Amino acid sequence: MNWKRSTALLALAFTFCVGPAIAQEATVVIPPDAKKLQPPAKWEKIPVPPLHAFHPQQPTRIELKNGLVILLQPDHELPFINGTINIRGGARDVPEAKTGLIGIYGDAWRTSGTAKHNGDQLDDILEAMAAKVETGGDIDSTSLSWSCLTKDENQVFGIAVDLLEHPVFNEQKLRLAQQQAVAGIVRRNDDASSVAQRVAAQLVYGKDSPYTRLPQISTVMGITLDDLNAWHTKTLTASNMIVSVSGDFDPATMEKSLRAAFEDLPRGAAWPKPDTEFAGPTPGVYAVDKSDVNQSNIWIVGLGTERNNPDYYALSVMNEIFSGGFGSRLFQDVRTKLGLAYSVGGAYGASFDHPGVFYTAASTKSVSTVDATKAMLAEIHELKTKPFTPAELASAKDQVLNSFIFHYDSKDKVLAQATQLEFYGYPADFLAKYRAGIEAVTLADVERVAKKYIDPSKLAVLIVGNEAHYGTPLTALDLGPVHPVDITIPMPAAMRQRMGGAGSE
Amino acid sequence: MKISPAARVAALVCCVMVALSCAGQNLVQKELAKFEKRVTVKVLPNGLTLIICERPEAPVFSYATIVDAGDANDPGGESGLAHMFEHLAFKGTKDIGTTNYAAEKVALAKVEAAYDAYDTEYRKRVGRSPEKLKELHAKFETAEKAANQYVIPNEFTEIAEANGATGLNAETSLDDTEYFWSMPSNRLQLWAYLESDRIANPVPRQFYRERNVVMEERRMRIDSSPIGRMVEQFLATAYVAHPYGRPGVGWESELSQITATEAKVFHKKYYVPANITVAVVGDVKPADLAMLEKYFGAIPAGPKPEPMTTVEPPQTAEKSVIIKDPTQPLYLEGYHKPDYRSPDDAVYDAIQDIFSNGRTSRLYRSLVEKQGIAAMAEGFSGFPGIKFPNMFAFFAVPNAGHTPQEMRDAIHKEIEKLKTTDVTDAELEMFKTRARADLLRGLADNQGIAEQLATYQLRYGDWRELFNQLNRIDAVTKADIRRVANQIFVPSNRTYAMVEYQAPERPAARSGEPSPHPAPPPKSAVQPHGGAR
């Protein structure tokens, strides 16, 4: 019997749930004053004893002479060992003409294999042990990970190190990765919600920004084996890597084998942070017309902030009140009160080393597009005009603080946190400080940051939907003319013809 | 004899695996022994099954409540009801979410009466009066407004979240409905109160607004999603009698007419303790059982719902649905097969693994890697559910310039191979090794363990089947795979769906101009293939 449906895409279509995936972190609502007049409710009489003492096990940090950082987190509950090597440098660091390189690199690295075993042989060897060695690429990093039963660690780790240090990029696997990438490119306009998400990010960062530019068929097909090898050589330096291992191992033995594997790597130069400008969106209304949907995806976006901003804590509390979950202002209004959307969410986003995105998003039936957009804009506006109440503040802080333990309730989560902080050069006690920071937030703080950071005049409104069915024109939003966004997929003419003219929608 | 490098690797892998397979089995037995000590099961006098699993790593717990009723249990004409009820279970109880339940109860009865009057007029086939309809709708809205004055919106979730609940959600499948979240363990009693109260005393407040929210969910997952549209048409074509042929979220017309009264009836019939399994995993102890029993034992007992009578009749001819859409092509085909209790259940798992699991799988190696015609291709068991006879399905995403027909031909070639040639020893062993490892990997977090223990306890009457299923997996032979493949992978047992690209029709109305017509449904055609047998 198989409980895990193997095809995530199909699973989407036949499991229905109360909350969409968009509502990530939960939140709390203002208990209406009416409640205060009542005698204590039943749940208020239930005892909440102090939480059992808990001291999460911190990973051991080892820095090799060449600058490579190792984080070890032993955990003997199950007979597995999992390791990840994070390497600085990712999609935002490649030249524009090579957009898509990191995705191809992440695929072809593992499928190509090494001189000892080509990728297909690795598949056979690893899968027979139910083990994994995988590579991947991200916006600011690439990675190599392994996972295996304890008894297979020597062999699997050996493969991982061989692949890390001696990959042999293979023409055929490069072509396979290119083909897969092109398949993704020609399909990228099929799903309205992902079109909306993508275009919204482009409105904020810019179409050509290293964070949001799109791989095109031409850039992907132009990638060569030389490009892959050059990237590998450039990034594979010790001071550029963090090795995190968790699971069923003896720390001394593990340290020894990691040292043996990595101590001789060259240190390399420190990876430079890209010099990117973040101007934020050009305010206005933007539209993508999609004829095969009956629901509009609405995104209202602006520039967010960085996580090391001293106002991060107050902004986090504001986020909870605004859009943190079932009880947030946005959810209460747009979904519960108006019944205009199933999927609704938002946040004043904060990234580790560049400004995040401030977004408010919802999807609603075509005919209520303008109404829903207006309701969302009103909620944003009210961040500045509708005073935050002590009850809202208390609820939001309760929510953040009482669920705080879920940041570190497993050894794997603690390791993942530590790795992330190490990667971005944040202090190791960031999480502890975060807790104290949230506790210290006052009503005045939230009022202040809302006034300081929320500026409705700097936001772009994007609507991806079926224009013919809006009923009320988008000009009724009173935000000026509507700018159509062209999402045509650049494609060789012969290819477009072969595909029956696809890709222009 | 010349031996290719690949064959040598395979041979080597094979020898290693015979040794490993025993070791793997021991690991699973060891884990089962640990769970024997940590798991306590109690069937309460009212029939509810309670499972506790101690996992004291951190002072937190996760739970899963599984109600053995899903959208396959929706009454005729009320598709989407189980899912609609699931949304209702977050709207509070007689004590939560209201400022005055006694008054609210009266007001809600008036809402229902007003809606019923409106609904009766709306459904009139002859003599429906638009004026009267308008008037009745206005009366309904007035009644709704009167009831709303007592509502504390989202108070139920607010209490949970303010007390640290994370991952709070629920899911309704065709087979069952699951509720879940995680919380700090000093809130165990609070959780027991909240969960038992919403099972026993849900109040259908703000029902008709929530129905609008669920309509949006339908638009998002089905109407506005190319894959959603395809799956809906595919299942409606594949099933002629069994409710697996209906969309879980409900047909638009039926969903839009579900009433709170219908939801109440559904609750009374299916949300009885004998039909519910609750698993709690984490910082909990058998000593907590008495407290939990106090709350869950108070849910009023009721008769276990009678099992469904409908069984999908054998399919006699190939069926298909061809959808012309302004999206890239897709291909999906399925073959009817028995439910999860079939003695061959593990054989289907083996076929799924060999066809679809990772880069060594046959469909990946053939369609994706060697022929380069597909971006992905998978075969999987248990679609769209497992509780009732379901399908073994194949799904393929063609590469740019390749067609659904090519997917179909290539998949059929692989199926033919499975029917005529034994799978290799290495493939069969790989399946068994991975099944063991996947089982163990799934034991790493409270929420996952809670869901699995509850599911296996419910489906097999014993959570140990989570571990013992490996015996059935180990027993699968090459002959079993060929036998099963020959049994079900036949054209007359097949339904397929193709999505083919067609340029969008541009309506005359441009930005902003209202259109008099509702959005056209996706074009689809259902064609029985009489001659395909």
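Look up a bit, the structure's there.
All figures in this text were calculated on a predicted structure; none of them were measured in a lab.

1. What to know about the sheet that holds strand 4 (residues 80–88) of chain A
Residues and elements named next belong to chain A. The six strands lie next to each other as 2-3-7-4-6-5, forming an open sheet whose pairing is mixed. Two strands lie at the open edges of the sheet, namely strand 2 (60–63) and strand 5 (132–137), each paired on one side alone. Each adjacent strand pair in this sheet contributes to an overall mean axis angle of 15°, direction not counted. Relative to strand 6 (residues 141–149), strand 4 is paired through nine bridges, and the arrangement is antiparallel. Bridge pairing in strand 6 places Ile 87 opposite Thr 142.

2. Regarding the pairing of strand 2 of chain A
Residues and elements named next belong to chain A. Across four bridges, strand 2 lies against strand 3 (residues 69–74) in antiparallel orientation. Looking across to strand 3, one finds that Ile 62 is bridged to Ile 70. Where strand 2 folds back onto strand 3 in an antiparallel hairpin, the turn is made up of five residues, including Gly 67, whose phi is positive at roughly 95°.

3. Some remarks on the packing of helix 3 (residues 101–112) of chain A against helix 6 (residues 171–186) of chain A
Each pair of packed helices can be summarised by the angle the axes make with each other and by the distance between the axes. Residues and elements named next belong to chain A. Here helix 3 crosses helix 6 at 140°, and the two axes come no closer than 9 Å. Considered as vectors, helix 3 and helix 6 are oriented oblique to each other. As for the relative orientation of helix 3 and helix 6, their crossing is right-handed in sense. Residues Gly 103, Ile 104, Asp 107, Ala 108, Thr 111 and Ser 112 of helix 3 pack against Lys 173, Leu 174, Leu 176, Ala 177, Gln 178, Gln 180 and Ala 181 of helix 6. Along the lines of polarity and charge, the residues of the contact of helix 3 with helix 6 split into six nonpolar, five polar and two charged.

4. A closer look at the sheet that holds strand 10 (residues 305–306) of chain A
The pairing of strands in a sheet happens through backbone hydrogen bonds and is either parallel or antiparallel. Residues and elements named next belong to chain A. One open sheet accounts for seven strands, arranged 10-11-12-9-13-8-14; its pairing is mixed. Two strands bound the open sheet, and with one partner strand each, they are strand 10 and strand 14 (482–484). Across the sheet, helix 7 (residues 192–205) touches strand 8 (284–289), strand 9 (295–303), strand 12 (355–365) and strand 13 (460–465), and the angle it forms with strand 9 is around 20°. Contacts from helix 11 (residues 312–323) reach strand 10, strand 11 (344–351) and strand 12, with the element oriented near 175° to strand 11.

5. Concerning the environment of Ala 238 of chain A
All names here are of chain A. In this structure, Ala 238 sits in the loop between helix 9 (225–235) and strand 7 (241–247). Separated by 26 residues in sequence, Ala 238 and Asp 264 have C-alpha atoms that sit 8.7 Å apart. Look past the residues within four positions of Ala 238 in its chain and what remains in contact with it is Leu 64, Asn 66, Gly 67, Leu 68, Phe 262, Leu 265, Pro 266, Arg 267 and Gly 268.

Analysis parameters
Residue indices begin from 1 for each chain and proceed along its sequence in written order. Each chain gets a letter, beginning with A, and each ligand a number, beginning with 1, in the order they are written. Per-residue local features are limited, in this predicted model, to residues with pLDDT of at least 70; the limit for side-chain atom pairs, both in listing and counting, is 80 or more; totals at the level of whole chains, interfaces and linings are taken over all residues. Strand pairing requires that DSSP identify at least two bridges connecting the strands. Every helix listed is a DSSP run of H or I at least four residues long, and every strand listed is a run of E at least two residues long, numbered separately from the N terminus. Helix axes are fitted only over the stretch in contact, all axes being lines through C-alpha atoms; the angle between N-to-C directions runs from 0 to 180 degrees. For classification purposes, angles smaller than 35 degrees are called roughly parallel, those larger than 145 roughly antiparallel, those between 65 and 115 roughly perpendicular, and all remaining angles oblique. In a left-handed crossing the near helix is turned counterclockwise from the far helix by less than a right angle, and in a right-handed crossing that turn is clockwise. Here the contact rule is simple: place C-beta atoms from the backbone, and any two residues whose C-beta atoms are within 7 Å are in contact. For this scheme, ten residues count as nonpolar: Ala, Val, Leu, Ile, Met, Phe, Trp, Tyr, Cys and Pro. Four count as charged, namely Asp, Glu, Lys and Arg, and the remainder, Gly too, count as polar.

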